[in-house]
Amino acid sequence: MKDKIVLLYPSYDGPALGPPLSLLSLASLLLESGFRVSILDSAVEPDIEASLSREIPESLCIGISFLTGPMIHGAIALSQLARRLKPDIPVVFGGWHPSLLPDQTLESDMGDILVRGQGERTLQEVAICLREGKSVESISGTSVRRGGETIHNPDRPPANLNSLPSPAFSLANFDAYESLTGKRELPYASSLGCPYACHYCTDQVFYERKFNAYSASRVVAEVTELVARQRLSEVALLDSNFPVNVGRAMEIARGFLDSNIQFSWTFQASTDLLCRMSDDDVCLLGESGVTHMGFGTESASEKVLALMNKKHQLIEDMFETARKSQKAGIRVTFNLILGYPGETEGDRVETFRVMTDISRQYSNVRFSPNIFTPYPGIPIWPELRSMGVEEPQSLADWADVGLGCNRLPWLQGAELLRLKEMLESFKVVTRRSLLTGQSLGQSVIEVC
């Protein structure tokens with residue numbers, strides 16, 4: 001009886017962040033059910049195609065998880081290779097992109113079974129049915145193709161994270177990632193979801209604005225044990241918005257500090273939540289090892305923020321976040337979205353004016369401007385279509401939609417040239433004003 005499951009993570013743009021947490025999470029329940037699990041990550045596999053060729057003869061199925069963008073190229077190539085090597089092997093797709101566009105993904109004929117949303121229990125059930133020779137066509141949380149038609153089975157209700165086992169970190173080769181990046185880093189998600197409803201964000205589509213979190217005590221115990229056992233130097237929290245529950249966030253920080261285990265950690269947040277913390281609270285974050293926080297500030301135009309449905313984002317909170325963070329010795333990045341529908345040059349001027357003012361006052365801030373990228377399923381697609389944005393019509397077409405990819409009809413020619421000139425001026429001014437802040441790490445502009 002075949003009992004091996006091969007989980008694949010295609011190559012992607014950007015530096016490796018450590019072992020793929022999504023695959024480690026899927027692996028835990030498979031291991032509990034008696035399966036052997038092999039994880040192949042393109043970031044550290046010298047030849048992932050050769051590795052798949054070795055693994056596939058004994059495999060029951062393969063699972064491929066991927067995001068929108070260049071990862072799709074790798075997912076397609078790995079699926080095609082698997083079918084050449086073993087034509088009858090089931091190919092299971094999962095991850096953000098397949099979940100958001102299941103019809104289009106299965107119409108590509110690259111996958112046989114699609115796992116939608118939170119996949120741990122769904123994939124476990126798929127694997128058990130395959131092992132027992134039973135049909136997988138009616139499993140909750142899956143979509144399948146039958147007779148040229150896509151069948152969507154009922155959604156599987158999300159599981160409380162505390163009811164799931166820890167990701168299978170025993171399968172992670174931290175040495176391989178250290179050789180690649182020079183760091184022993186752990187990607188870790190203490191929660192899923194964000195309560196806000198920003199019109200450009202896929203998170204609300206995927207998690208329906210529900211915050212699903214580990215208990216603070218579980219986070220502290222798991223992270224500190226892993227840091228000590230694996231000799232890790234940094235933990236990158238992948239939470240969409242870590243401090244949604246401010247009390248829980250502070251309990252985690254105190255737990256890390258009280259453990260006396262030294263490591264740095266980073267997270268993403270919204271400025272309104274950080275501003276609910278006192279100066280002492282933010283300083284405690286720094287004392288516990290927080291070295292960097294990322295914030296989706298996006299714009300400093302109140303009109304554009306309203307268009308984005310970011311009612312929680314106040315201009316004064318941006319300044320207060322920078323002040324609190326600098327006092328605590330924590331670097332921050334303010335992410336900016338440029339070219340959002342309805343944004344004018346005057347709105348951009350206001351954004352650059354405010355951000356330049358922040359950079360002159362606070363040397364711990366850096367900026368990451370990106371051109372607005374419409375991802376699958378976001379709420380404003382009807383408006384975008386009416387404005388002439390062409391939505392990719394196939395799985396392969398979405399592979400060319402990477403972060404900062406400019407497909408906006410209103411941001412071309414002279415308009416785009418003017419934006420680039422403004423960005424260059426912003427870059428020069430902020431770099432000059434931040435030269436005095438090198439004790440916290442020189443701030444830079446990151447432009448896609």
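Since the model is a prediction, treat every value here as computed from it, not as a measurement.

Trainee: Describe in detail the side chain of Ser25, supporting the description with residues and values.
Mentor: Within the element layout of this structure, Ser25 appears in helix α1 (residues 21–32). Residue class for Ser25 comes out buried when judged on its relative accessible area of 17%. Aside from chain neighbours lying at most four places away, what touches Ser25 is Glu120 and Pro167.

Trainee: I'd like to hear about the packing of helix α9 (residues 216–230) against helix α10 (residues 246–259), residue by residue, with values.
Mentor: The interhelical angle for the contact between α9 and α10, taken along N-to-C directions, is 35°, at an axis separation of 9 Å. Here α9 runs over α10; the crossing is right-handed. Residues Ala216, Val219, Val220, Val223 and Thr224 of α9 pack against Arg248, Glu251, Ile252, Gly255, Phe256 and Ser259 of α10. When grouped by side-chain class, the residues that make up the contact of α9 with α10 number six nonpolar, three polar and two charged.

Trainee: I'd like to hear about the pairing of strand β11 (residues 234–237), residue by residue, with values.
Mentor: Regular strands place side chains that alternate from one sheet face to the opposite one. Neither face of β11 is left uncovered, since the one carrying Glu234 and Ala236 and the one carrying Val235 and Leu237 both have all their residues buried. By the bridge criterion, four bridges tie strand β8 (residues 185–188) to β11 in an arrangement that is parallel. In the strand pairing of β11, Glu185 is matched with Glu234. Pairing geometry for β11 and strand β12 (residues 264–269), over three bridges, is parallel. Bridging across to β12, Val235 finds its partner in Trp265. For the crossover that starts at β11, traverses α10 and ends in the parallel β12, the hand is right-handed.

Trainee: Quick rundown of the packing of aromatic side chains? Include the residues and the values.
Mentor: What the rule picks out here adds up to 18 aromatic pairs. A centroid spacing of 5.1 Å and a plane angle of 90° characterise the contact between Phe66 and Phe93, whose relative ring orientation is edge-to-face. On the criterion of sequence distance, the pair formed by Phe66 in the loop between β3 (59–65) and α3 (71–85) and Phe93 in strand β4 (residues 91–94) is long-range, its members being 27 residues apart. Note on Phe93: relative accessible area 0%, which makes it buried. An aromatic cluster is present here, built from Phe242, Phe256, Phe263, Trp265 and Phe267 joined pairwise through their rings.

Trainee: Report on the sheet that holds β4, specifying residues and quantitative values.
Mentor: Here we have seven strands laid out as an open sheet, ordered β2-β1-β3-β4-β5-β6-β7, and mixed in their pairing. The open sheet is flanked by β2 (36–41) and β7 (149–152), the only strands paired with a single partner. Across the sheet, the mean angle separating the axes of adjacent strands is 20° when strand polarity is ignored.

Trainee: Account for the sheet that holds strand β13 (residues 290–298), with residues named and values stated.
Mentor: Within a sheet, adjacent strands bond to each other through the backbone by hydrogen bonds, running parallel or antiparallel. With respect to topology, six strands assemble into an open sheet ordered β8-β11-β12-β13-β14-β15, the strand pairing being parallel. Bordering the open sheet on either side are β8 and β15 (365–371), each of which pairs with just one other strand. Each neighbouring strand pair of the sheet contributes to a mean axis angle of 20°, computed without reference to strand direction. Running over the sheet, α9 touches β8 and β11 and is turned about 155° from β8. In the packing of helix α14 (residues 315–328) onto the sheet, contacts are made with β13, β14 (331–338) and β15, and the angle to β14 comes to roughly 155°.

Trainee: Which residues make up the packing of α1 against helix α6 (residues 120–131), and what values do they have?
Mentor: Following both chains from N to C, one finds α1 and α6 inclined at 45°, their axes separated by 9 Å at the closest point. With respect to α6, the axis of α1 lies oblique. Crossing handedness for the pair α1 and α6: right-handed. Within the contact between the two elements, α1 uses Ser25, Leu26, Leu29 and Leu30 and α6 uses Glu120, Arg121, Leu123, Gln124 and Ala127. Considering only residue class, the contact of α1 with α6 consists of five nonpolar, two polar and two charged.

Trainee: Would you mind going over the pattern of salt bridges in detail, with residue names and values included?
Mentor: According to the stated counting rule, one finds 30 salt bridges in the structure shown. Lys4 is the salt-bridge partner of Glu55, the closest N and O atoms lying 2.6 Å from each other. Of this pair, Glu55 sits in helix α2 (residues 48–55) while Lys4 sits in strand β1 (residues 4–9); the two residues are 51 residues apart in sequence, bridging distant segments of the chain. Given the relative accessible area of 19%, Glu55 is considered buried. A salt bridge links Glu178 to Arg184, with the nearest nitrogen and oxygen atoms 2.8 Å apart. Judged by relative accessible area, Glu178 falls into the partly exposed class, the value being 31%. Taken together, the shared-partner salt bridges in this structure form one network comprising Asp3, Lys4, Arg36, Glu55 and Glu58.

Trainee: Tell me about unusual backbone geometry, and please be specific about residues and values.
Mentor: We note that Asp109 has phi near 65°; this positive angle belongs to a residue other than glycine. Along the polypeptide, Asp109 turns up in the loop between α5 (102–107) and β5 (113–115). Asp109 sits in the exposed class, given a relative accessible area of 55%. Phi is positive for Asn260, close to 60°, though the residue is something other than glycine. If you trace the backbone, Asn260 turns up in the loop between α10 and β12.

Cut-offs and rules
Residues numbered from 1 in each chain as written. Predicted model: local features only at pLDDT ≥ 70, side-chain atom pairs only at ≥ 80, totals over all residues. Heavy atoms only, no water. Helix = DSSP H or I, 4+ residues; strand = E, 2+ residues; numbered from the N terminus. Buried < 20%, exposed > 50% of the residue type's maximum accessible area, 1.4 Å probe, protein only. Contact = heavy atoms within 4.5 Å. Axes fitted to C-alpha atoms, helices over the stretch in contact; angles between N-to-C directions. Left-handed = near helix turned anticlockwise from the far one by under 90°. Nonpolar A, V, L, I, M, F, W, Y, C, P; charged D, E, K, R; others polar. Pairing = 2+ DSSP bridges. Right-handed = clockwise from strand over helix to strand, strands pointing away. Phe/Tyr/Trp six-rings, centres within 6.5 Å; stacked < 30°, edge-to-face > 60°. Parallel < 35°, antiparallel > 145°, perpendicular 65-115°, else oblique. Salt bridge = Lys/Arg side-chain N within 4 Å of Asp/Glu carboxyl O.

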